[in-house]
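The chain contents come next:
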Amino acid sequence: MITDNHHVVLPIVILICLAVLATAAGCLKDSSVAVTSITVGAEEVTGAEVTLNVTTEVQNAYGVSSGIARVQLKAYDTTSGLVVTEKTSDAGYLGIRGSGSVSQTIVLPRKGSYRLVSTVFENGQRKGQGELTAYNLERLTPDIQETGLSITDIDFLVKKVAA
């Protein structure tokens, strides 16, 4: 007894062909997320510290994004190579060929130079990195001069008043 299995086999064959084509075309490939640019601006400058606003642009060049992209920003002292500060923020879900940006503020001593490294992660996996060096922060003019001198109490005597 021969049964007609064409109505069952044909859809399975079509699904297998579509899966092979999608994989070969890159539709199911792992994402390729990269840091495309980093911009830095001074938000606040005091006598001792600089608050920098660092904006990192990220983009998924191809493939399917597999989760939330996170950007980790680290500031390294260029003299010692030590990490001075670090901050991590979400860039969101990038999808297919999507992009996003993250603005992070960091506070650094107002002396020396710092290498700013932005690394993008997706599902805990490192995907891309970009860096920029901020040189000679001591050359930035403070918004206000803070001397560290404070007067907590004052007494005075008026000797003569003229009209």
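Above this text is the structure in question.
K.L.:
Before we move on, could you go through unusual backbone geometry and cite the residues and values that matter?
P.N.:
Backbone geometry at Arg 97 places phi at a positive 55 degrees, although glycine is not the residue there. Mapped onto the elements, Arg 97 comes out in the loop between strand E4 (83-93) and strand E5 (99-109). Here the phi dihedral of Asn 136 falls at roughly 50 degrees; this positive angle occurs in a residue that is not glycine. Inspection of the secondary structure puts Asn 136 in the segment after strand E7 (125-134).

K.L.:
Can you lay out the pattern of salt bridges for me, pointing to particular residues and giving the numbers?
P.N.:
Inspection of every chain in the model, using the stated rule, returns two salt bridges. The shortest N-O distance in the salt bridge between Asp 90 and Arg 70 comes to 2.3 Å. Here the residue Asp 90 occupies a position in strand E4, and Arg 70 occupies one in strand E3 (residues 68-77), the gap between them amounting to 20 residues.

K.L.:
Lay out the nonpolar core in plain terms, naming residues and giving numbers.
P.N.:
By size, the foremost hydrophobic cluster in this structure holds 22 residues, and its most contacted members are Leu 52, Val 54, Val 58, Ile 106, Leu 108, Leu 116 and Val 120. Elements with a minimum of two residues in this core: strand E1 (33-45), strand E2 (49-60), E3, E5 and strand E6 (114-122). Non-local contacts of Leu 108, meaning those with residues more than four positions away in its chain, are made with Ala 48, Glu 49, Val 50, Leu 52, Ala 75, Val 84, Thr 85, Tyr 114, Leu 116 and Leu 137.

K.L.:
So what's going on with the sheet that holds E1? Residues and values would help.
P.N.:
Two modes of strand pairing occur in sheets, parallel and antiparallel, and in both the strands are linked by backbone hydrogen bonds. Within the open sheet, the three strands sit side by side as E1-E2-E5. Their pairing is antiparallel. Because the sheet does not close on itself, it has two edges, and the strands there are E1 and E5. Between one strand axis and the next, the sheet turns through 20 degrees on average, direction left out of account. Examined bridge by bridge, E1 and E2 share 11 bridges and lie antiparallel to one another.

K.L.:
So what's going on with the sheet that holds E6? Residues and values would help.
P.N.:
If you trace the four strands from one edge of the open sheet to the other, you get E4-E3-E6-E7, paired in antiparallel fashion. Each edge of the open sheet carries a strand with a single partner, namely E4 and E7. When the angles between neighbouring strand axes are averaged without regard to direction, this sheet yields 20 degrees. In this sheet, E6 lies alongside E3 in antiparallel orientation, the contact comprising nine bridges. By the bridge assignment, Ala 69 is partnered in E6 with Glu 122.

K.L.:
Kindly report on the environment of Pro 109, identifying the contributing residues and their values.
P.N.:
Inspection of the secondary structure assignment puts Pro 109 in strand E5. As a C-alpha pair, Pro 109 and Val 50 span 59 residues in sequence and 6.2 Å in three-dimensional space. With residues up to four places along the chain from it excluded, the contact list for Pro 109 reads Ala 48, Glu 49, Val 84, Tyr 114 and Leu 137.

K.L.:
Outline the side chain of Gln 104, listing residues and values.
P.N.:
Checked against the element boundaries, Gln 104 lands in strand E5. Owing to a relative accessible area of 2%, Gln 104 belongs among the buried residues under this scheme. A polar contact is formed between the side chain of Gln 104 and the side chain of Ser 89, at a distance of 3.2 Å. With sequence-adjacent residues up to four places away left out, Gln 104 is seen in contact with Leu 52, Asn 53, Val 54, Val 71, Leu 73, Lys 87, Thr 88 and Ser 89.

K.L.:
Can you tell me about a nonpolar patch on the surface, naming the residues and giving the values?
P.N.:
Taken together, Ile 151, Ile 154, Phe 156, Val 158 and Val 161 make up a surface patch of nonpolar side chains, about 630 Å² in accessible area. Turning to its location among the elements, Ile 151 is positioned in the segment after E7.

Cut-offs applied
Residues numbered from 1 in each chain as written. Predicted model: local features only at pLDDT ≥ 70, side-chain atom pairs only at ≥ 80, totals over all residues. Heavy atoms only, no water. Helix = DSSP H or I, 4+ residues; strand = E, 2+ residues; numbered from the N terminus. Salt bridge = Lys/Arg side-chain N within 4 Å of Asp/Glu carboxyl O. Core = buried A, V, L, I, M, F, W, Y, C linked by side-chain atoms within 4.5 Å. Buried < 20%, exposed > 50% of the residue type's maximum accessible area, 1.4 Å probe, protein only. Contact = heavy atoms within 4.5 Å. Pairing = 2+ DSSP bridges. Axes fitted to C-alpha atoms, helices over the stretch in contact; angles between N-to-C directions. Polar contact = N/O pair within 3.5 Å; in protein donor to acceptor, adjacent residues only side chain to side chain. Patch = residues over 30% accessible without salt bridge, like charges linked within 9 Å, V, L, I, M, F, W, Y side chains within 5 Å. Areas by Shrake-Rupley, 256 points an atom, 1.4 Å probe, with all protein chains shown as cover.

Scope: geometric values only; no functional claims are made or implied.
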